[in-house]
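The residues making up each chain are set out below.
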Amino acid sequence: FALFPPLALSLFPVVFLFSHNRAELFLHELWLPLGAAFVSAVVFFFLALLLTRHRARASVLASLLVSAFWYYGFFYEALYPILAGKSVWGQHLWRQKTLIVVWAVFWAALALIALKLKLRLTTLQKPVFLALSLLLLVPIGDSILYEISHRGPPVGQQESMPASAPTGELQLPDIYYIIPDGY
């Protein structure tokens, strides 16, 4: 039960992106990212459990670690319109070395606050479990509905033959090469 929050938070970005790009992907392309997300959540949980020796606190700490790892790209893209081209003390704000430090300090502060607070974490587990379940069910439901309504390969990867081509001829795909002029 304590492993579910970090697991759900790590699986959500993969499932969400898969459901939004379902028309371009095969189902078998989902398993490797899901496996990486699963392993990261389990590793973070057991590392946090070794550190805290308390399952509820380990769950909170692992959830924060998973969120810091898997959600950085969303954070980076969300701040692009705000920070692009701005600088403070000659340091451009829209650079990886600036944002990753801010991101790490933010999540480290949250982890310290979570570990130092003496909250009854067991009372929070049921609402968090329900919210994360709903969060995962929406993209999973979208993917299932897509599978039901669109049987066959993704749109961009279908084998298509022009209507005018005879059925006995082999239609080869167009291949383009990009050759840089200057080295």
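Bear in mind that the values here come from a model prediction, so they are computed numbers and not experimental data. (Residues numbered from 1 in each chain as written. Predicted model: local features only at pLDDT ≥ 70, side-chain atom pairs only at ≥ 80, totals over all residues. Heavy atoms only, no water.)

Structural notes on the environment of Phe74
Among the secondary structure elements, Phe74 is positioned in helix H4 (residues 72-83). For Phe74, a relative accessible area of 35% gives the class partly exposed. (Helix = DSSP H or I, 4+ residues; strand = E, 2+ residues; numbered from the N terminus. Buried < 20%, exposed > 50% of the residue type's maximum accessible area, 1.4 Å probe, protein only.)

Thoughts on the confidence of the model for the protein
When pLDDT is averaged along the protein, the result is 80, and 77% of the positions lie at 70 or above. Per-element confidence in the protein ranges from a low mean pLDDT of 67 for strand E2 (residues 91-92) to a high of 94 for helix H2 (residues 31-52). Of the regions scoring below 50 in pLDDT, residues 160-164 engages in 4 contacts with residues more than four places distant in sequence or in other chains. (pLDDT = per-residue confidence, 0-100. Contact = heavy atoms within 4.5 Å.)

Thoughts on a nonpolar patch on the surface
Residues Phe38, Val39, Val43, Leu47 and Leu50 make up a contiguous nonpolar surface patch of roughly 480 Å² in combined accessible area. In this fold, Val43 is placed in helix H2. We classify Val43 as partly exposed; its relative accessible area is 42%. (Patch = residues over 30% accessible without salt bridge, like charges linked within 9 Å, V, L, I, M, F, W, Y side chains within 5 Å. Areas by Shrake-Rupley, 256 points an atom, 1.4 Å probe, with all protein chains shown as cover. Salt bridge = Lys/Arg side-chain N within 4 Å of Asp/Glu carboxyl O.)

A word on the nonpolar core
Judged by nonpolar contacts, the single largest core of 33 residues is most densely connected at Leu11, Leu34, Tyr72, Leu99 and Trp103. Mapped by element, the contributors of at least two residues to this core are helix H1 (4-20), H2, helix H3 (55-70), H4, helix H5 (96-116) and helix H6 (121-149). Here the element with the most residues in this core is H1; it accounts for 8 residues. Excluding residues within four positions of it along the chain, Tyr72 makes contact with Ser67, Gln96, Leu99, Ile100 and Trp103. (Core = buried A, V, L, I, M, F, W, Y, C linked by side-chain atoms within 4.5 Å.)

A short note on the pattern of salt bridges
Per the stated rule, a full pass over the model turns up 1 salt bridge. Notably, a salt bridge pairs Arg22 with Glu147, separated by 1.9 Å at the nearest N-O pair. A residue pair is termed long-range when its members are at least 10 positions apart, and Arg22 in the loop between H1 and H2 and Glu147 in helix H6 qualify at 125 residues. The buried category is assigned to Arg22, whose relative accessible area is 7%.

Thoughts on unusual backbone geometry
A positive phi angle, close to 60°, is found at Arg53, a residue other than glycine. Secondary-structure assignment places Arg53 in the loop between H2 and H3. For Arg53, a relative accessible area of 69% puts it in the exposed group.

Re H2
Its 22 residues give H2 an end-to-end C-alpha distance of 31 Å, which sits within 8% of 32 Å, the value for a rise of 1.5 Å per residue. For H2, the full list of buried residues reads Leu34, Ala37, Ser40, Ala41, Val42, Phe45, Ala48 and Thr52. Immediately downstream of H2, the backbone of Arg53 shows phi near 60°, a positive value. (Expected span 1.5 Å × (residues − 1).)

Side note on the side chain of Ser143
Following the sequence through the fold, Ser143 ends up in helix H6. Contact partners of Ser143, with chain neighbours within four places excluded, come to Phe18 and Ser19.

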